[in-house]
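Examining the three-dimensional arrangement
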Amino acid sequence: VLASLPLQMMLYFNVYYFPVWFLAEGMMLQLKYHLLPQHYQFLLVAAFLILSLAEGSRLYLGYVGNLQEK
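If you're wondering where the values come from, they're calculated on a predicted model, not measured in any experiment.

**Quick notes on the packing of aromatic side chains**
Overall, the coordinates contain six aromatic pairs when judged by the stated rule. On the numbers, 5.5 Å between centres and 75° between planes, the contact of Tyr-12 with Phe-13 is edge-to-face. Under the relative-accessibility criterion, Tyr-12 is labelled partly exposed at 40%. Note on Phe-18 and Trp-21: the rings are 5.9 Å apart at their centroids and 20° apart in plane angle, and the pair reads as stacked. Placement of both Phe-18 and Trp-21 in helix α1 (residues 5-32) is noted, with a separation of three residues, approximately one turn of the helix. Of the residues examined, Trp-21 reaches a relative accessible area of 33% and is grouped as partly exposed.

**A word on the UniProt feature "transmembrane region" (unreviewed entry) in the protein**
Here the UniProt feature "transmembrane region" (unreviewed entry) sits at residues 12-30 and 42-61. Across residues 12-30, the secondary structure splits into 100% helix and 0% strand, with the terminal C-alpha atoms separated by 28 Å. Across residues 42-61 one finds 100% helix and 0% strand; the C-alpha atoms that close the span lie 28 Å apart.

Cut-offs used in this document
Residues numbered from 1 in each chain as written. Predicted model: local features only at pLDDT ≥ 70, side-chain atom pairs only at ≥ 80, totals over all residues. Heavy atoms only, no water. Phe/Tyr/Trp six-rings, centres within 6.5 Å; stacked < 30°, edge-to-face > 60°. Buried < 20%, exposed > 50% of the residue type's maximum accessible area, 1.4 Å probe, protein only. Helix = DSSP H or I, 4+ residues; strand = E, 2+ residues; numbered from the N terminus. UniProt positions renumbered as here; feature names shortened; annotations may be inferred.

This is the structure we're talking about:
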């Protein structure tokens, strides 16, 4: 098996830092949400959800792909 060790290490640390980023970004979103116009509120929530889903799937696929050499 020729999995990439540097990639695996980066994915490992990113898995632990992603929840920290998620909580910090969610708290900042909650704090400034009521100060923004309605169209910015929608865009900010949509971007937050899309980025969170994309990062979660990227980490999962990175783990699976690196360990299975895909």
